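Chain by chain, the residues:
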Amino acid sequence: MSERPDLLSDRWRGRVTDAVEFLQEKGFAGRVGLILGSGLGNFADAVQDAERIDYADIPGYHATTVAEHTGRLVCGTAAGVPVVVMQGRLHPYEGLPYDELLLPTAVLACLGIETAVVTNAAGGLNRYFAPGDLMAIRDQIDLHFHDPLRGLLAEPFGSPAAARVGRVGGLADLYDPDLARKLVEAAARCGVPMHSGTYASMSGPAYEAKAEIGMLRRIGCDAVGMSTAPETVLLKRLGVAPVGLSCITNPARETGQPELSHSDVVEVGAMVRDRMAKLLLEFLPLATAG
Ligand code: HPA
């Protein structure tokens, strides 16, 4: 196992390594990890020589409580790249504490991945974005007002072991700029339109109030969702390079527009997911080249 588990707090490490050992015995390993958001799970069908396991069968994992969210870990190759795919994730609005919520992400990191592609469904704040557009996440504003890593790291401000894996406390360049550029390049290569921007992560499960939408625009956010930020912070602190990809499922709701529902979000996700899968297959060889 990598030295990443050494970076975790005593109270968390054992639970993470139990799941990692269980999965390693089944051959789960990969260079790139992918976390697939609401309605975006079909990329997992493109994985070849796939090994699949339901979250409910992995020690310490919770099954997701949200309709239309699959809860399965898939391992195999995609575009020739060894991958481990989380088909579905837990969200803060499901009410679990962060050590439960982030356990699968910690396990993904401890399986030895170098890069993680974190995807989500998001509302468009940028007025140039339309439903069905994709956005490479360049940075994030975490509005959960709760550092997800409280109590989960052995040395909150870094340690010699953390320095060896290359990350200490700071989150400058949280989303790897080079990989974000490659994601945009992959989109151009396969003719998929792509924006870049800042992702706001809210706790949910309510969609935003009008004043919140106004605030998010004024503080410079282009898209808003209810996931991703806690995961990317953890991945970065564990020495994994995060790449973020939002699927814009709706304009953030304003006066005069119909109420947004979870099924609308999932429906647009379903329309876009083939495009997203094509993009990811183009991106994976670029992400692992050199
Ligand atoms: N707000 C928050 N999360 C979302 C949205 C939204 O408008 N769309 C999809 N996920």
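Residues numbered from 1 in each chain as written. Predicted model: local features only at pLDDT ≥ 70, side-chain atom pairs only at ≥ 80, totals over all residues. Heavy atoms only, no water.

(A) Seen up close, the overall build of the protein. Along its length, the protein carries 8 helices and 9 strands. For 290 residues, the compact-globule estimate of 2.2 N^0.38 gives 19 Å, and the protein sits close to it at 18 Å. On the principal axes, the C-alpha backbone points of the protein span a range of 55 × 40 × 35 Å. For the protein, buried positions account for 56% of its 290 residues. Summed over all atoms, the accessible surface of the protein reaches about 11,700 Å², with 50% contributed by carbon and sulfur. (Helix = DSSP H or I, 4+ residues; strand = E, 2+ residues; numbered from the N terminus. Rg over C-alpha atoms; globule rule 2.2 N^0.38 Å. Buried < 20%, exposed > 50% of the residue type's maximum accessible area, 1.4 Å probe, protein only. Areas by Shrake-Rupley, 256 points an atom, 1.4 Å probe, with all protein chains shown as cover.)

(B) Structural view of the site of the ligand. Inspection of the region around the ligand gives 12 residues, with Ala121, Gly123, Glu208, Gly225 and Asn250 positioned closest. Contact distances for the ligand include 3.4 Å between a nitrogen atom and a backbone N or O atom of Ala121. Glu208 is positioned such that a nitrogen or oxygen atom in its side chain is 2.8 Å from a nitrogen atom of the ligand. A total of 260 Å² of accessible area belongs to the ligand in isolation, and the protein chains cover 96% of it. Elements that contribute at least two residues to the shell around the ligand include exactly β5 (115-124), β8 (223-225) and β9 (241-251). In terms of residue count, β5 provides more of the shell around the ligand than any other element does, 3 residues in total. Classifying every residue of the shell around the ligand by side-chain character gives 7 nonpolar, 4 polar and 1 charged. (Near = heavy atom within 4 Å. Polar contact = N/O pair within 3.5 Å; in protein donor to acceptor, adjacent residues only side chain to side chain. Nonpolar A, V, L, I, M, F, W, Y, C, P; charged D, E, K, R; others polar.)

(C) Up close: empty space enclosed by the protein. If you walk through the whole model with that rule in mind, you get 1 cavity of 30 Å³ or more. Roughly 60 Å³ of internal volume is contained in the largest cavity. Its residues assigned to classes, the lining of the largest cavity comprises 5 nonpolar, 3 polar and 2 charged. (1 Å grid on protein atoms, 1.4 Å probe; cavity = no way out; pocket = protein on both sides within 12 Å on 5 of 7 lines; lining within 4 Å. Points joined across faces, edges and corners; volume = space filled by probe spheres on them.)

(D) Seen up close, the pairing of β5. Most of β5 is tucked away: 10 of the 10 residues are buried. Two strands pair when backbone bridges link them, and strand β1 (residues 32-36) and β5 are joined in this way by 4 bridges, in the parallel orientation. Considered in β5, the bridge of Val32 is made with Thr115. Two elements, β5 and β9, share 10 bridges in a ladder whose sense is parallel. Note on β9: the bridge partner recorded for Thr115 is Ala241. In this sheet, β8 lies alongside β5 in antiparallel orientation, the contact comprising 2 bridges. (Pairing = 2+ DSSP bridges.)

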